[in-house]
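Geometric and topological summary
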Amino acid sequence: MPASPASPASRPPAPAVVAALRAAGCVFAEEEAQLILAAARTPAELTSMVGRRAAGLPLEQVLGWAEFHGLRVTVEPGVFVPRRRTEFLVGQALATAPRATVVVDLCCGSGAIGAALAAGLDGAEVHAADIDPAAVRCARGNLAAYGGRAHEGDLYDALPAGLRGRVEILTANVPYVPTAEVPLLPAEARDHEPAAALDGGADGLDVLRRVAAAAPEWLAPGGCLLTETSGRQAPAALGVLAEAGLTARLAVSEEWYAHVVIGTLP
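One numbering rule holds for all chains: residues counted from 1, following each sequence as written. Side-chain atom pairs in this predicted model are given and counted only at pLDDT of 80 or more, local residue features only at pLDDT of at least 70, and totals for whole chains, interfaces and linings cover all residues. Remark: hydrogens and water are excluded; side-chain values derive from all non-hydrogen atoms of the structure.

Some words on the sheet that holds strand β9 (residues 258-264)
At least two DSSP bridges between two strands are required for those strands to pair. Helix and strand definitions here come from DSSP, where helices need a minimum of 4 consecutive H or I residues and strands a minimum of 2 consecutive E residues; each element is numbered from the N-terminal end. Strand order in this open sheet of seven strands is β5-β4-β3-β6-β7-β9-β8, and the pairing throughout is mixed. Pairing within the sheet leaves two strands with one partner each, and these edge strands are β5 (149-152) and β8 (247-253). Between one strand and the next, the sheet's axes are offset by a mean angle of 20 degrees, whatever the strand orientation. Taken together, the seven bridges between β8 and β9 define a ladder with antiparallel strand orientation. Bridge pairing in β9 places serine 253 opposite alanine 258. Sheet strands touched by helix α9 (residues 206-218): β3 (102-106), β6 (167-172) and β7 (219-229). Its angle to β7, the strand with the most contacts, is close to 165 degrees. Lines are fitted to the C-alpha atoms to define the axes, a helix being fitted only along its stretch in contact, and any angle between axes, read from their N-to-C directions, falls within 0 to 180 degrees. Any pair of residues with heavy atoms lying within 4.5 Å of one another is described as a contacting pair.

Next up, the structure:
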C-alpha cells in the first residue's frame, strides 16, 4: 500500500482552501482541506488539487487514495471509488469463509475488495478482474503487496482456466443502478466514474445474472458468491442466485445501509 501522507495535525487548513471547497459545495470542506493540504507537495500541486476537487472530481481521485477496510487503496482518475459501505461485504466474506485459500474479485475496480480479503486471509491466492484497463492497472498495484493478480477482460473470460471449481470466495461488486436512475446519481459518480461500473441495465440486475449463472462452474463445493445490492432489489437478487442453483441468503447492515446477497454452492 502507498505510504501515508504526513499528518495534517500541524497544518491547519488554509482559509482560502476551505473557502474554495465550501463554495464548490463540499459539505466537509474543513476535513477535505486538511487531507488535500497534507497530500500536496508543492503550492502548484495544491492549487491543482483544489481546482480538481472544486470542479467535482471525487476526493479520493484527487488525493489518489481511499481508506477501505483499514487499508489505503490507490485510486487512479477515472476508476470507480470504493465505498465504505462495501466493507460490510468484505466482513461477510471473511465470516462466511474464514479459511478460504482461493479468492476471486470480479468487477474489481481499484481492487479494494481483493486487497482487503488478501489482507484478512494470510497467504490466500487472490485474483481480480475488470473490463476497464485503468481499473486493472490500479488493481495490480493494490494487490502486488499480497502476491495477487489482476486480469483484464469480461467477467470470467478474464480468469485463468485453472481456477474453475476451486474458488472459495467469489465477490462481484457488480453495477446495480437501473439505467433510468443513472442520471439521478450524484455528479461525482455520474460524471467522473465509468458508466460501466454504475449501469446495471433496466432493473439493475443484468450483470448479476451473468455472474450468478456461471458461478457454479467456478466455485468450489461450499464456495460462496457475494454481491452488493440495494434494499429494493434484494428480493430479486436473491431469486437470481437461487435460479443459478445457489443457496441464497441476505445480510443487512443498518449502520452502513448495506445489503449483501450471499449464494453458497451446495
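Quick notes on helix α3 (residues 43-54)
Expected helix span is given by 1.5 Å per residue-to-residue step, counting one fewer step than there are residues. For α3, which comprises twelve residues, the first-to-last C-alpha distance of 16 Å matches the rise-based estimate of 16 Å (1.5 Å per residue) to within 8%. Between buried and exposed lies partly exposed: a residue is buried under 20% and exposed over 50% of the maximum accessible area for its type, with that area taken using a 1.4 Å probe on protein chains only. Regarding α3, the residues found buried are Leu46, Met49, Val50 and Arg53. In a view along the axis of α3, the buried residues occupy a sector of 95 degrees, so they form one face of it. In α3, the exposed positions angled more than 90 degrees off the buried face are occupied by Ala44 and Thr47. This arc corresponds to the set of directions leading from the helix axis out to the C-beta atoms.

Observations regarding the environment of glycine 147
Along the polypeptide, glycine 147 turns up in the loop between α7 (133-143) and β5. Residues glycine 147 and glutamate 188 lie 41 residues apart in sequence; the distance between their C-alpha atoms is 32 Å.

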